Amino acid sequence: MNTAYSPWQPPLIWRAALVLARVLVGLLARLEVTGDVPAHLRRGPLVLAANHISPFDPVVMIAACQNRGVAPRIMATAGLFRAPVLGAAMRHAGHIRVDRGTSAVHRALDDAATAVAAGSVILIYPEGRIGLDPGMWPERGKTGVARLALACGAPVIPVAQWGAHEVLPYRAPKGMLRGVARALWRRPVIRVHFGTPVDLGEVSAVNPGAARRATDRIIDALTDALAPLRPDEPDLPRHVDPGRPSDPSRAHRRRLG
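This is a predicted model, so every value here is computed, not measured. Every chain is numbered on its own, with residues counted from 1 as its sequence reads. Residues qualify for local features only when their pLDDT is at least 70, as the model is predicted, and side-chain atom pairs are given and counted only at 80 or more; totals for whole chains, interfaces and linings, by contrast, use all residues. Values reported for side chains reflect all heavy atoms of the structure, with hydrogen atoms and water molecules removed beforehand.

Asker: Give a description of the environment of L46 that names residues and reports values.
Answerer: In this fold, L46 is placed in strand 2 (residues 46-50). Put simply, L46 and L236 are 190 residues apart on the chain and 32 Å apart in space, counted from C-alpha to C-alpha. Only heavy atoms matter for contacts: two residues are in contact if any of them lie within 4.5 Å across the pair. Ignoring anything within four residues of it in the chain, the contact list for L46 reads V37, L41, S120, V121, I122, A154, P155 and I157. A run of DSSP states H or I qualifies as a helix once it reaches four residues; a run of E qualifies as a strand once it reaches two. Both are numbered from the N-terminal end.

As structure tokens, this is what we get:
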């Protein structure tokens, strides 16, 4: 990758949001962050691939990234960008709109590739949705994150997190007040682990099926990083959200390293 660029600088509104997220998570939970992002990658180019278990995940990930001195640009659903105030703030902060289910969805990958080439850190959820695996393990991923990494040559770091599902329920805002009140009272532990970069060196973008193989490798790495965060919940989560549906159709065959 050509490294002759001026690294992207997060605007003030985003730097403030990073600090605010850490304060908010601290009020609702006990955040434990392990692992790290190598110093030379903290300002990009870099892709962070995280598992998705709760509507509270983005706040948790922002707080964890602030803890590690990283200011990622987030690939987020188009609905957030249509919100009157939030949408304007997200655009100003440099986040990337993803129009899922439309022909414009491919534009998000082009925008992300441009951002990575400009030296940004991109945060993406390779599952493409809040996972519905019955055991809340990472689902079979969409190929977007792998295609982005293979096209740009940027390293991919898996970021596993566990515990956000105890703060906000799946159907939030429905049940949100109850979830927040419960979290304020119990302050559950939320664990985030930054893993080691995924080795995609043997995967060539020009070979058929390369994106699928790279995606599986990324999900495997996420699964490996998640396992130590939930040692007493190896099969099913201890906290049960009655409003969370179950969909085993996209279950990923777990390969714990």
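From this point, the discussion proceeds with the structure in view.
Asker: Give a description of the pairing of strand 3 (residues 73-77) that names residues and reports values.
Answerer: Among the five residues in strand 3, four count as buried, and that is most of the element. Relative to strand 4 (residues 96-98), strand 3 runs parallel, the two being bridged by three bridges. The residue of strand 4 that forms the bridge with M75 is I96. With a 1.4 Å probe rolled over the protein chains alone, any residue whose accessible area is under 20% of its type maximum counts as buried; one over 50% counts as exposed, and the rest are partly exposed. Criterion used throughout: strands pair if DSSP finds at least two bridges between them.

Asker: Residues and numbers for the side chain of N51, please.
Answerer: With respect to the element layout, N51 can be found in the loop between strand 2 and helix 2 (57-67). Under the rule applied, a polar contact is a pair of N or O atoms within 3.5 Å (in protein, one hydrogen donor and one hydrogen acceptor; residues adjacent in sequence only if both atoms are side-chain atoms). Looking at N51, its side chain comes within polar contact range of the main-chain nitrogen of Q161, at 2.9 Å.

Asker: A description of the packing of helix 6 (residues 144-152) against helix 8 (residues 210-226) should follow, citing residues and the corresponding values.
Answerer: Closest axis-to-axis distance for the helix 6/helix 8 pair is 8 Å, and the angle between their directions is 110 degrees. Classed by the angle they form, the pair helix 6 and helix 8 counts as roughly perpendicular. Contact with helix 6, carried on its side by V145, A146, R147 and L150, involves A210, A211, A214, T215 and I218 of helix 8 and no other residues of that element. We call Asp, Glu, Lys and Arg charged. Ala, Val, Leu, Ile, Met, Phe, Trp, Tyr, Cys and Pro are nonpolar, and the rest, Gly among them, are polar. Residues that form the contact of helix 6 with helix 8 fall into these classes: seven nonpolar, one polar and one charged. Note on geometry: axes are lines fitted to C-alpha atoms, helical ones only across the stretch in contact, with angles between N-to-C directions running from 0 to 180 degrees. An angle below 35 degrees is read as roughly parallel, one above 145 as roughly antiparallel, one from 65 to 115 as roughly perpendicular, and any other as oblique.

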